[in-house]
Structure formats: structure tokens, C-alpha cells
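# Observations on chain architecture
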Amino acid sequence: MSQADENQTRRDLLFYAAGGTAAVAAGTMVVAPAVSQMSASADIRALSKIQVDIGFIPEGGQIVVEWQLKPVFIRHRTADEIAAAREDDAIISEMRDPTSENANKPEADAADVNRAIDEAGKYVVAIALCTHLGCVPTVNAGEFEGWFCPCHGSHYDTAGRIRKGPAPRNLEIPPVKMVSDTVIEIGV
């Protein structure tokens, strides 16, 4: 190969290498902002997880918080409510929805122990939307002293299980965990 051919080959190699580098850089300048734009904004990421102090909720009381733009019930049950819910575990197979609808235990049945967030069963956390048409049920109402949806008459027990009315499923349990004795985190 002559000196001129060798110089031409080097020039071609440098030309293609520079062109390839420029193409990669240009692609990165176009793709990076597009990918960045698709990721969740700070306000959306902030809604993905919340911590709630539940230590002030009296036994038999309930609060409603907002998580991912949805209302969420946090109920501190009495010993009688826990006993009644656990007694009803014997008839899970006869309930309309024997599944748990529980993000924490997706394979579990609707037993009260699978729907409460602590072993003692004191706290139940549920998305506060009726599974029939999305109305917000009222607390301590209905035939089972849990929640009652006034829109079409669905009755839920204190574990959030559908017991009567048109709702097809139990109230949904969001991803939740106890952070301490008095703080829970929703959106784990």
C-alpha cells in the first residue's frame, strides 16, 4: 500500500470516528431530555409515599388521609370490633369476596389477620372508595358497624370486607407498613 493510500485510509478512519462520536453526542442531546421528561415530577414522587402519625387516634376512632389523590381510611379498632371481625373469619368462604385485595399480602385470603396492618389487629388501613362505583363510604355505619356506602347501599365490616349490597369486592388495602408503634407508611 502506498503512502498516499495509507494516509487516505487514516483520514477515512478519523472521519468516520468523528462522525460516529458526533452522532452519539447528538443522539444523547435529543434522547436524554426526552427520557427525563417521562420520569415522574417531584410532586408526583412526593405523593407516592406518606408517613402518618396514628398515635393520637382514639380506640374506635378513624381518620382519613390523602394518598395518591385518593382518600384512605385509617381505623383504630376496639377489642370488640377485632373479636367480631376474627369471629367472622370462619365464614370467609361464604363472603362475596373471599380474597384480601391487599397490596401487602396479594396471595392471602380476606381473613382479618391478613387485612389488619398489625398482629394485634388494632389498625385497618383501606382505600376509602366503594368498590361498586367509587363513592366514599361513611364510618361506623351499616349492618356490620364498619362502613356503609350511601350511594347504593354497600355494607362493609370493620375489616373492610364487603358483606351486603352491590359492591363486588372488599375495600382495597394499600401498601402499608408500621414504621414505629405510632407511625405508619403508606406507599411502601
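Description of the structure in this document. (Residues numbered from 1 in each chain as written. Predicted model: local features only at pLDDT ≥ 70, side-chain atom pairs only at ≥ 80, totals over all residues. Heavy atoms only, no water.)

Below, the discussion takes up the state of the cysteines. A full pass over the atoms with the stated rule returns 1 disulfide. Each sulfur of the disulfide joining C135 and C151 lies 2.1 Å from the other. Of note, the bridge from C135 to C151 carries an S-S torsion of about -110° and is left-handed in sense. Remark: C151 occurs in the loop between β6 (146–149) and β7 (154–156) and C135 occurs in the loop between β4 (123–127) and β5 (138–141); sequence separation between them is 16 residues. On the basis of relative accessible area, C151 is assigned to the partly exposed category, the value being 39%. Considering cysteine sulfurs only, C149 is the nearest to C130, which forms no disulfide, with 3.8 Å between them. (Disulfide = S-S within 2.5 Å. Helix = DSSP H or I, 4+ residues; strand = E, 2+ residues; numbered from the N terminus. Buried < 20%, exposed > 50% of the residue type's maximum accessible area, 1.4 Å probe, protein only.)

With that settled, the discussion passes to the sheet that holds strand β3 (residues 70–76). Pairing between sheet strands relies on hydrogen bonds along the backbone, with the strands arranged either parallel or antiparallel. Taken together, 3 strands build an open sheet; the order of strands is β2-β3-β4 and the sheet is antiparallel. Strand pairing shows two members of the sheet lacking a second neighbour, β2 (62–67) and β4, which therefore form its edges. The sheet shows a mean angle of 25° between the axes of neighbouring strands, taken without regard to direction. Summarising the sheet, β2 and β3 pair through 6 bridges and their orientation is antiparallel. Paired with V65 across the two strands is V72, which belongs to β3. (Pairing = 2+ DSSP bridges. Axes fitted to C-alpha atoms, helices over the stretch in contact; angles between N-to-C directions.)

Here we come to the nonpolar core. Within the largest apolar cluster, 16 residues are counted, with the highest numbers of intra-cluster contacts made by V52, V65, I74, V125, I184 and I186. Breaking this core down by element, the ones donating at least two residues are β1 (50–53), β2, β3, β4 and β10 (183–186). Ignoring any residue separated from it by four or fewer positions in sequence, one finds I184 in contact with I50, Q51, V52, I54, I74, I117, V125, V176, K177, M178 and V179. In this structure, A128, C130, Y156 and L171 belong to the second largest nonpolar core, which totals 14 residues. (Core = buried A, V, L, I, M, F, W, Y, C linked by side-chain atoms within 4.5 Å. Contact = heavy atoms within 4.5 Å.)

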